Amino acid sequence: LADPESLPAATEHITTLDVLVHSAGVVTIAPLHQTPLQVWRQTLDLNVIAVAELTRVLLPALRAVRGQVVMINSGAGKRSSPNWGSYAASKFALRGYAEALLAEEEPHGVRVTTIYPGRTATDMQREVREAEGADYDPEAYLRPETVADAVVFALRTPRDGQLTELTVRPARYR
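Trainee: Can you walk me through the nonpolar core in this structure?
Mentor: Here is a general trend for soluble globular proteins: nonpolar side chains tend to be buried in one another's company. Counting residues in each nonpolar core, the largest one holds 17 residues, and the members touching the most others are Leu58, Leu62, Val69 and Met71. Contributions of two or more residues to this core are made by α2 (37–64), β2 (68–72) and α3 (85–105). Considering each element in turn, this core owes the most residues, seven residues, to α2. Apart from residues no more than four positions distant in its own chain, Val69 is found in contact with Leu20, His22, Leu62, Leu101, Val110, Arg111, Val112 and Thr113. Among the nonpolar cores identified, the runner-up in size contains nine residues, and Ile115, Val147, Val151 and Val168 belong to it.

This is the structure in structure tokens:
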């Protein structure tokens with residue numbers, strides 16, 4: 001994904017595709033005045049441009065079987081917070097891309113779902129908490145399996161409906 005120019009050759013053998021799940025992402029926690037150009041480029045390249053290019057090259061395979069694209073976005077794709085500027089901007093861009101893709105691909109039978117998970121117990125979250133100067137407690141966050149269940153729920157929606165957005169937040173009390 002870090003080399004979008006390689007995607008057409010890497011995917012040329014795929015002629016049909018039922019589901020494409022975009023779940024890669026990168027985040028750098030820093031105030032905007034300390035976020036260098038390289039961070040902006042890396043964040044937008046992986047979180048938005050790679051998604052757009054991989055989807056573009058796989059659209060014929062998705063259209064062939066009226067497949068589905070699932071975007072794992074973030075709560076930051078709906079609301080930004082201090083020190084999350086580059087990440088939130090990339091996730092807002094991903095939201096706009098998904099909305100355009102939904103509108104353009106509906107006539108081709110390709111469904112598009114965006115899932116907005118809250119903080120999830122992953123290595124990325126561990127790094128975020130370290131950057132925030134806070135402890136990492138995986139019990140305070142969504143389990144990755146919970147996010148995967150949300151994806152499965154969206155995929156199981158019968159063809160007479162389309163789940164376009166789903167927000168999943170960590171439970172405060174377990």
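Now that the structure has been shown, the text picks up again.
Trainee: What exactly am I supposed to notice about the sheet that holds strand β1 (residues 19–22) here?
Mentor: With parallel pairing, the four strands of this open sheet are ordered in space as β1-β2-β3-β4. The outermost strands of the open sheet, each flanked by one partner alone, are β1 and β4 (165–168). Taken over all neighbouring pairs, the strand axes of this sheet differ in orientation by 15° on average, direction set aside. Relative to β2, β1 runs parallel, the two sharing four bridges. What sits directly across from Val19, in β2, is Gln68. Running at roughly 175° to β1, α2 makes contact with β1 and β2 of the sheet. α3 contacts β2, β3 (111–117) and β4 of the sheet and is inclined by roughly 165° relative to β2.

Conventions we followed
Residues numbered from 1 in each chain as written. Predicted model: local features only at pLDDT ≥ 70, side-chain atom pairs only at ≥ 80, totals over all residues. Heavy atoms only, no water. Core = buried A, V, L, I, M, F, W, Y, C linked by side-chain atoms within 4.5 Å. Buried < 20%, exposed > 50% of the residue type's maximum accessible area, 1.4 Å probe, protein only. Helix = DSSP H or I, 4+ residues; strand = E, 2+ residues; numbered from the N terminus. Contact = heavy atoms within 4.5 Å. Pairing = 2+ DSSP bridges. Axes fitted to C-alpha atoms, helices over the stretch in contact; angles between N-to-C directions.

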